[in-house]
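# Summary of the model geometry
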Amino acid sequence: MHIVRQGYPFIAGALVLAVVCFIAFGIHIAVIPLVLACYFAYFFRNPEREVRQDTSLLYSPADGTVMEVSEFFDEEYLNAKAKKVTIFLSVFNVHVNRSPAEGTIKFQRYTVGEFLPAFNKKAAFENERFAMGIENERMKILVIQIAGILARRIDNWVNLGNHLDQGEVYGMIKFGSCTELVVPEDVEILCKKGDKVKGGITVLGRTKA
């Protein structure tokens, strides 16, 4: 289990506040920021996961609960009929995002927007979002990080042209959010609404041979 470096300022700040509260008010008040520091360490965790490389499978890009599986025409990257899996991340889920497939980053787009609750259907269209297109020899896919009412910062640690291994961590959304996976129409979706998924472990889709 690791903690991503983006969590260090939150943890350190809470610990400093705990010391100040202890000196000024005693242990009963200091325990509040101390518990908060423990939560930040928990939230920014990045558990080690052994991802089985399989070009015929698409893994979940995030931990959470499947909110919706739908079909639509993607005009952002695939420019074709597509299927979309929407995953809601609560404040207790692991929040690092993982690449569903091996491939090269061919597209990135950051969109400034609102901060509606991630479970709100309008969030996918109106909220702050970061879309990333990945391409390999078999297909093109799109992964979208969407901010929520508490998620005020989307972190993405990769650039155009970077190569990602299947299951490789590429970014995170801070505090409650939503992640979408957009795949070609001919991909077989292996999950349904309400399913609990884990990034790099749960198989969301399978490509045809």
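Going by the structure above, here's the rest.
The structure reproduced in this document is the subject of the present report. Note that the structure is a prediction, hence the values are computed from the model and not measured.

### Let's talk about the pattern of salt bridges
Overall, the coordinates contain seven salt bridges when judged by the stated rule. Where E76 meets R129, a salt bridge forms, and the shortest distance between an N and an O atom there is 3.2 Å. One end of the pair, E76, is in the loop between β4 (64-74) and β5 (80-89); the other, R129, is in strand β8 (residues 129-135), and 53 residues separate them in sequence. Like E76, the residue R129 is buried in the burial classification. Ionic pairing is found between E188 and R206, a salt bridge with its closest N-O pair at 3.1 Å. Remark: R206 occurs in strand β16 (residues 203-206) and E188 occurs in strand β14 (residues 188-189); sequence separation between them is 18 residues. Residue class for E188 comes out partly exposed when judged on its relative accessible area of 38%. Three or more residues joined by partner-sharing salt bridges are found here, namely E76, R109 and R129.

### Concerning the sheet that holds strand β3 (residues 57-59)
The sheet built from three strands is open, its strands ordered β3-β16-β14 with antiparallel pairing. At either end of the open sheet lies a strand with only one pairing partner, and these are β3 and β14. Both β14 and β16 contribute to a ladder of two bridges, which runs antiparallel. Residue I189 lies in a different strand from β16, and its bridge partner there is G205.

### Details of the packing of aromatic side chains
For any pair of aromatic rings, geometry is given as the distance between the ring centres together with the angle between the planes. In the structure shown here, the tally under the stated rule is six aromatic pairs. A centroid spacing of 5.1 Å and a plane angle of 80° characterise the contact between F43 and F44, whose relative ring orientation is edge-to-face. Note on F43: relative accessible area 0%, which makes it buried. Through a chain of ring-to-ring contacts, three or more aromatic side chains come together here, namely F10, Y39, F40, F43 and F44. A cation sits over an aromatic face here: K84 above F72, 5.0 Å from the ring centre.

### Re the side chain of D63
Within the secondary structure, D63 sits in the loop between β3 and β4. For D63, a relative accessible area of 6% puts it in the buried group. A polar side-chain atom of D63 sits 2.7 Å from the main-chain amide nitrogen of G199.

Conventions we followed
Residues numbered from 1 in each chain as written. Predicted model: local features only at pLDDT ≥ 70, side-chain atom pairs only at ≥ 80, totals over all residues. Heavy atoms only, no water. Salt bridge = Lys/Arg side-chain N within 4 Å of Asp/Glu carboxyl O. Helix = DSSP H or I, 4+ residues; strand = E, 2+ residues; numbered from the N terminus. Buried < 20%, exposed > 50% of the residue type's maximum accessible area, 1.4 Å probe, protein only. Pairing = 2+ DSSP bridges. Phe/Tyr/Trp six-rings, centres within 6.5 Å; stacked < 30°, edge-to-face > 60°. Lys NZ or Arg CZ within 6 Å of the ring centre and 35° of its normal. Polar contact = N/O pair within 3.5 Å; in protein donor to acceptor, adjacent residues only side chain to side chain.

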